[in-house]
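Secondary and tertiary structure notes
Spelled out, the chains give:
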Amino acid sequence: MNTPVVLITGALSGIGRATAIAYAKEGVRIVVSGRREEAGNALAAELQAMGAQAEFVRADVRFEADVQNLVAKTVARFGRLDIAINNAGTEGRLGPITEQSVEDYENTFASNVLGTLLAVKHEVQVMQTQGSGSIVNLSSIAGKVGIAGASVYVASEHAIEGITKSAALEGAAIGIRVNAVAPGPVATDMLDRFVDSNEEAKARFLDSMPAKRAAEVDEIVQTILFIAGNKARYLTGQSIAVDGGYTAQ
Ligand SMILES: NC(=O)c1ccc[n+]([C@@H]2O[C@H](COP(=O)([O-])OP(=O)(O)OC[C@H]3O[C@@H](n4cnc5c(N)ncnc54)[C@H](O)[C@@H]3O)[C@@H](O)[C@H]2O)c1
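Residues numbered from 1 in each chain as written. Predicted model: local features only at pLDDT ≥ 70, side-chain atom pairs only at ≥ 80, totals over all residues. Heavy atoms only, no water.

Let me state the cut-off plainly: UniProt positions are given in the numbering used here, feature names are shortened, and annotations may be inferred rather than shown by experiment.
Looking up the protein chain in an unreviewed UniProt entry gives the name SDR family oxidoreductase, with the organism given as Dyella humi. Of the protein chain, the UniProt comment under Sequence similarities (unreviewed entry) reads exactly: "Belongs to the short-chain dehydrogenases/reductases (SDR) family."

The structure is reproduced here in structure tokens:
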């Protein structure tokens, strides 16, 4: 069997970047994507130096032309698309609901909801002609429970859960799986932004978690790889919380 072709959005930092490196170690063919050309080319070179066939394609997932081009370039380069990790996302501007603006809503929903919808749309178009494919969307515990001070982000992550379930139902009979991974706090830049880089607030937040710590990035990456891969071939339409027990409460 040919080595799988993997596409990752928002791959230039945090979970996306670590996922790309983990896949490169598995020897897959890989397209990494993000908005920053220079950082993207540097990541592709790093993956190539690890022995992977890798390419960077610039894409801002808010724009359909970018997403369409990303998927088309993946197929042009490698001939197919087996696994897509829709990881691009933002926490947006946080704060109480009384302070949220239409602009905050539009910004957060454009990257998280429209971005995921467009990615799934164009990925499925390729996967349905192949009769196979696996998609993992990055959701959050904010896709499962409310969080005071994060209403717009929470709404956007709940929407990703809905897209995941509906796309899974559309793909189930034609060999396409669609799942989500829903992390709790993960030790990335996003977590620092979430607590406004306030170490005391971060410590308080993490102390409220059953596991009393954030996830290491690799703890999220390993779940993504398992769900995306063939060992999980009967798993679809699910969102797996990787949250040290938070949503079990
Ligand atoms: N870090 C956490 O605590 C945490 C918790 C739950 C869920 N998540 C989710 O995990 C995913 C990855 O986050 P992370 O922790 O690695 O943070 P991160 O900020 O390092 O990564 C997000 C990446 O997405 C990119 N991105 C944002 N909007 C984009 C757009 N419109 N087009 C293309 N790229 C875009 C960013 O530039 C960044 O590189 C996100 O979807 C996030 O919602 C993170």
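Having seen it, we continue.
**Focus: the site of the ligand**
Here is the rule we go by: By convention in this text, a residue qualifies as near a molecule or strand provided that one of its non-hydrogen atoms is within 4 Å of it. N or O atoms closer than or at 3.5 Å make up a polar contact, with two conditions inside protein: a donor-capable atom paired with an acceptor-capable one, and, for residues adjacent in sequence, both atoms drawn from side chains. Surface accessibility follows the Shrake-Rupley procedure with a 1.4 Å probe radius. Residue values consider only the protein chains on display as shielding. A run of DSSP states H or I qualifies as a helix once it reaches four residues; a run of E qualifies as a strand once it reaches two. Both are numbered from the N-terminal end.
Within the structure, the ligand sits among 25 residues, and Ser-13, Ile-15, Asn-87, Thr-188 and Arg-193 are positioned closest to it. At 2.8 Å from an oxygen atom of the ligand is found a main-chain nitrogen or oxygen belonging to Asn-87. A distance of 2.8 Å separates an oxygen atom of the ligand from a polar atom in the side chain of Arg-193. Protein chains shield 93% of the accessible area of the ligand, which is 820 Å² for the free molecule. Secondary structure elements with two or more residues in the shell around the ligand: helix 1 (14-25), helix 5 (151-171) and helix 6 (189-194).

**Observations concerning the side chain of Asp-82**
As a reminder, the rule being used: Relative accessible area decides the class of each residue, using a 1.4 Å probe on protein chains only: under 20% of the type maximum gives buried, over 50% gives exposed, and in between gives partly exposed. We call two residues in contact when some of their heavy atoms are within 4.5 Å.
The topology assignment puts Asp-82 in the loop between helix 3 (64-78) and strand 4 (83-86). Exposure remark for Asp-82: the relative accessible area of 12% places this residue in the buried category. Side-chain polar atoms of Asp-82 contact the side chain of Arg-80, separated by 2.8 Å. Those residues in contact with Asp-82 that sit more than four places away from it in its chain are Thr-3, Pro-4, Val-5, Met-127, Gln-130, Gly-133 and Ser-134.

**Quick notes on the pairing of strand 3 (residues 53-58)**
Let me state the cut-off plainly: Here, any two strands with at least 2 DSSP bridges between them count as paired. Crossovers are described as right-handed under a simple rule: with the strands pointing away from the observer, the path leading from the first strand over the helix to the second runs clockwise.
Of the strand pairs in this sheet, strand 2 (residues 29-34) and strand 3 are connected by six bridges, and their pairing is parallel. From the neighbouring strand, Arg-29 faces strand 3, where its bridge partner is Gln-53. Each parallel crossover has a hand, and for strand 2 linked through helix 2 (residues 37-49) to strand 3 it is right-handed.

**Details of helix 4 (residues 102-130)**
Note the cut-off: Here the expected span of a helix is defined as 1.5 Å times the quantity of residues minus one. The term bend refers to the angle at a residue between two fitted axes, each drawn through seven residues, those ending there and those starting there.
Given a rise of 1.5 Å per residue, 29 residues ought to cover 42 Å, and the 40 Å separating the end C-alpha atoms of helix 4 matches this to within 8%. Taking the largest bend as the criterion, helix 4 deviates by roughly 45 degrees, centred on Phe-109. One or two residues past the end of helix 4 sits Gly-131, with phi positive at roughly 75 degrees.

**Looking at the environment of Gly-115**
Locating Gly-115 in the fold gives a position in helix 4. Gly-115 gets classed as buried once you look at its relative accessible area, which sits at 4%. Residues Gly-115 and Ser-151, spaced 36 residues apart in sequence, show a C-alpha to C-alpha distance of 19 Å. Excluding residues that lie within four positions of it along the chain, Gly-115 makes contacts with Val-61 and Ala-110.

**Let's talk about the packing of aromatic side chains**
As a reminder of what qualifies: In this scheme Phe, Tyr and Trp rings, the latter by its six-membered ring, pair at centre separations within 6.5 Å, and the angle between planes marks the pair as stacked below 30 degrees, edge-to-face above 60, and tilted otherwise.
Summed over all chains, the structure comprises two aromatic pairs. On the basis of an interplanar angle of 70 degrees and a centroid distance of 5.8 Å, the ring pair of Tyr-153 and Phe-194 is categorised as edge-to-face. One end of the pair, Tyr-153, is in helix 5; the other, Phe-194, is in helix 6, with 41 residues separating them in the sequence.

**A short note on the packing of helix 1 against helix 2**
Our working rule: Orientation is described by lines fitted to C-alpha atoms, with helices fitted over the stretch in contact, and by angles between N-to-C directions that extend from 0 to 180 degrees. Throughout, the term roughly parallel applies to angles under 35 degrees, roughly antiparallel to angles over 145, roughly perpendicular to angles from 65 to 115, and oblique to all others. Here a crossing is taken to be left-handed if its near helix is turned anticlockwise relative to the far helix by less than a right angle, and right-handed if that turn runs clockwise. Residue type decides the class: Asp, Glu, Lys and Arg count as charged, Ala, Val, Leu, Ile, Met, Phe, Trp, Tyr, Cys and Pro as nonpolar, and the leftover types, Gly among them, as polar.
Where helix 1 meets helix 2, the axes come as close as 9 Å, and the angle between the chain directions of the two elements is 25 degrees. On the basis of the axis angle, helix 1 is roughly parallel to helix 2. At the point where helix 1 passes helix 2, the crossing takes the right-handed sense. In contact with Arg-17, Ala-20, Ile-21 and Ala-24 of helix 1, helix 2 contributes Leu-43, Glu-46 and Leu-47. Classifying every residue of the contact of helix 1 with helix 2 gives five nonpolar, no polar and two charged.

**Examining unusual backbone geometry**
Even without being glycine, Asp-196 reaches a positive phi, approximately 60 degrees. Relative to the assigned elements, Asp-196 resides in the loop between helix 6 and helix 7 (199-207). One non-glycine residue, Lys-212, lies in the positive phi region at around 60 degrees. By secondary structure assignment, the location of Lys-212 is in the loop between helix 7 and helix 8 (217-228).

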